[in-house]
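Okay, here's what each chain looks like letter by letter:
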Amino acid sequence: GANAARSAVVGGGMILHAINVFIVTTILPTVVRDIGGLQFFAWNTTLYMIASLLSGAVCTRLLRRFGPRWSYRIALSCFGLGCLLCALAPTMPVLLLGRCVQGLGAGTLSALSFTLIRLLFPQHLWPRALAIVSAMWGIATLLGPAVGGVFAQYGAWRAAFWSLLVITPGFAALVELSLPRGMPRIGAQLTAMAFVNLGLLVGSVLAVSAGSM
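Described below are features of the structure shown in this document. Everything numeric here is computed off the predicted structure, so don't read it as measured data.

## Quick look at the pattern of salt bridges
Pairing is possible between side chains that carry opposite charge, provided their charged atoms lie close to one another.
Item 1. On inspection of all chains with the given rule, the structure shows two salt bridges.
Item 2. Measuring nitrogen to oxygen at the nearest pair gives 3.2 Å for the salt bridge that ties Glu176 to Arg69. Note that Glu176 is positioned in helix 7 (residues 157-178) and Arg69 in helix 3 (residues 59-88), a separation of 107 residues in sequence.
Item 3. By relative accessible area, Glu176 is classed as partly exposed at 25%.

## Some details on a nonpolar patch on the surface
Item 1. There is a patch of nonpolar side chains on the surface, built from Leu81, Leu84, Leu88 and Trp162 and spanning about 360 Å² of accessible area.
Item 2. Ranked by residue count, the leading element in the nonpolar patch is helix 3, at three residues.
Item 3. Among the structural elements, Leu84 can be located in helix 3.

## Re helix 4 (residues 92-115)
Residues that lie three or four places apart on an α-helix share one face, since the helix turns once every 3.6 residues.
Item 1. Compared with an ideal rise of 1.5 Å per residue, which puts 24 residues at 34 Å, helix 4 spans 34 Å between its outermost C-alpha atoms and is within 8% of the ideal.
Item 2. With respect to burial, helix 4 is a largely interior element, 17 of its 24 residues being buried.

## Here's the deal with the nonpolar core
Item 1. Of all hydrophobic cores here, the largest spans 53 residues; its most connected members are Ile27, Val31, Tyr72, Leu95 and Phe161.
Item 2. Examining the composition of this core, we find that 14 residues originate from one element, helix 1 (residues 4-35), more than from any other.

## Quick look at the environment of Leu85
Item 1. Residue position: Leu85 is located in helix 3.
Item 2. In this structure, the C-alpha to C-alpha distance between Leu85 and Arg99, residues 14 residues apart in sequence, is 8.2 Å.

## Describing the packing of aromatic side chains
The geometry of an aromatic ring pair is captured by two quantities: the separation of the ring centres and the angle between the planes.
Item 1. In total, this model carries three aromatic pairs according to the counting rule given.
Item 2. With a centroid separation of 6.2 Å and an interplanar angle of 80°, the aromatic rings of Phe22 and Trp137 are classed as edge-to-face. Here Trp137 lies in helix 6 (residues 126-153) and Phe22 lies in helix 1, a separation of 115 residues in the sequence.
Item 3. Assessed through its relative accessible area of 23%, Phe22 is described here as partly exposed.
Item 4. When the ring centre of Trp70 is taken as reference, the NZ or CZ atom of Arg73 above it lies at 4.7 Å.

## Details of the packing of helix 1 against helix 2 (residues 43-57)
Item 1. In contact at an axis separation of 10 Å, helix 1 and helix 2 are set at 165° when each is read in the N-to-C sense. What the angle tells us is that helix 1 and helix 2 run roughly antiparallel. The crossing of helix 1 and helix 2 is right-handed. For the pair helix 1 and helix 2, the contacting residues are His17, Asn20, Val21, Thr25 and Leu28 in the first and Asn44, Thr45, Tyr48, Met49 and Ser52 in the second.

## Some details on helix 7
Item 1. The terminal C-alpha atoms of helix 7, which comprises 22 residues, lie 32 Å apart, in line with the 32 Å expected from a rise of 1.5 Å per residue.
Item 2. Inspection of helix 7 places Trp157, Ala160, Phe161, Leu164, Thr168, Phe171, Val175 and Ser178 among the buried residues, and these make up the whole buried set.
Item 3. On its buried side, helix 7 packs onto helix 1, helix 3, helix 4 and helix 6.

## Topic: the environment of Val166
Item 1. Take Val166: it is sitting in helix 7.
Item 2. When its relative accessible area of 63% is taken as the criterion, Val166 is described as exposed.
Item 3. Residues Val166 and Cys83 lie 83 residues apart in sequence; the distance between their C-alpha atoms is 9.4 Å.

## Considering the side chain of Ser55
Item 1. Turning to its location among the elements, Ser55 is positioned in helix 2.
Item 2. Side-chain polar atoms of Ser55 contact the backbone oxygen of Leu104, separated by 3.0 Å.
Item 3. Each residue touching Ser55, except ones within four places of it in the same chain, is listed here: Gly103, Leu104, Gly107 and Thr108.

## A look at the packing of helix 3 against helix 7
To describe two helices that pack against each other, one gives the angle between their axes and the distance between the axes.
Item 1. It is at 8 Å that the axes of helix 3 and helix 7 come closest, and there the two elements cross at 165°. The orientation of helix 3 with respect to helix 7, classified from their angle, is roughly antiparallel. The two elements helix 3 and helix 7 cross, and the hand of that crossing is left-handed. Contacts between helix 3 and helix 7 involve Arg69, Tyr72, Arg73, Leu76, Phe79, Gly80, Cys83, Leu84, Cys86, Ala87 and Leu88 from the first element and Trp157, Arg158, Phe161, Trp162, Leu164, Leu165, Thr168, Phe171, Ala172, Val175 and Glu176 from the second.
Item 2. Here the contact of helix 3 with helix 7 is built from residues that sort into 16 nonpolar, two polar and four charged.

Basis of the calculations
Here the residue numbers are simple positions, counted from 1 along each chain's written sequence. Since the coordinates come from a predicted model, pLDDT governs what is reported: local features require at least 70, and pairs of side-chain atoms require 80 or more to be given and counted, while whole-chain, interface and lining totals use all residues. Note that the side-chain values use all heavy atoms of the structure and ignore hydrogens as well as water. Any carboxyl oxygen of Asp or Glu within 4 Å of a side-chain nitrogen of Lys or Arg constitutes a salt bridge here. Secondary structure follows DSSP: runs of H or I at least 4 residues long count as helices, runs of E at least 2 residues long count as strands, and numbering of each begins at the N terminus. A simple rule labels every residue: compare its accessible area, found with a 1.4 Å probe on the protein chains alone, to the largest value its type can have, and call it buried under 20%, exposed over 50%, or partly exposed in between. Patch members must show over 30% relative accessible area and no salt bridge, and they are joined within 9 Å when carrying like charges or within 5 Å when they are nonpolar side chains of Val, Leu, Ile, Met, Phe, Trp or Tyr. Here, Shrake-Rupley sampling with a 1.4 Å probe gives the accessible areas, and only protein chains in the shown set may cover a residue. To estimate the expected span of a helix, subtract one from its residue number and multiply by 1.5 Å. Take the buried Ala, Val, Leu, Ile, Met, Phe, Trp, Tyr and Cys residues and link them wherever side-chain atoms come within 4.5 Å; each set so joined is a nonpolar core. For this analysis, a ring pair means two rings from Phe, Tyr or Trp (six-membered ring only for Trp) whose centres lie within 6.5 Å, classed as stacked if their planes differ by under 30 degrees, edge-to-face if by over 60, and tilted for the remaining angles. Each ring is checked for a lysine NZ or an arginine CZ that lies within 6 Å of its centre and within 35 degrees of its normal; such an atom marks a charge sitting over the ring. In this analysis, axes come from line fits to C-alpha atoms, helices being fitted only over the stretch in contact, and the angle between any two N-to-C directions falls in the range 0 to 180 degrees. Each angle receives one of four descriptions, namely roughly parallel if under 35 degrees, roughly antiparallel if over 145, roughly perpendicular if within 65 to 115, and oblique otherwise. In this scheme the crossing of two helices becomes right-handed for a clockwise turn of the near helix relative to the far one and left-handed for an anticlockwise turn of less than a right angle. Between two residues, a contact is recorded if the distance between any of their heavy atoms is within 4.5 Å. Residues adjacent in sequence count toward polar contacts only when both atoms are side-chain atoms; beyond that, a polar contact is any pair of N or O atoms within 3.5 Å, and within protein one must be able to donate a hydrogen and the other to accept it. Ten residue types, Ala, Val, Leu, Ile, Met, Phe, Trp, Tyr, Cys and Pro, are classed as nonpolar, four, Asp, Glu, Lys and Arg, as charged, and the remainder, Gly among them, as polar.

In structure tokens, the structure reads:
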């Protein structure tokens, strides 16, 4: 019913994040054959996930400062810019930069998917909305490698990023049409940022990646 578009917003933000993970993982061997950078193979995923982790951690502050609509605009702009950088990347360092920017946008999108549930739906629908968001990882697990495999089969790895870029404005339009006007900003008291915890998580991921090289 009336909640269909809102469900598509919270689910769509998560599937953009999730399917991007699986598509890129699938096309990476093709990328390396084209532009080199085998020694940085694992860092494509590592830097993306670290950026996602950090941006997800500040999502509540973003919502508090800018509100839901502008938070989505910022997140989708980052994600789209990251896709563009990756699609045009002539070398692996440029691709890694694009993956970082992508990760900042995708991490915010995934955090928004969970955070906005209580603002968009009545309380009795929260469990169903959470189920929709969580189910997006299952869909991405099936679709991501399959779609990525098609691009890899034909050596068209740049087209994978272009396709994600093309989807982004469509999702942005859905957000603009679906989010109600005058949505309240997050008003809860903010807690202190857990810099030590975040530093430990980021450092652990970097250590694992450095060790695997």
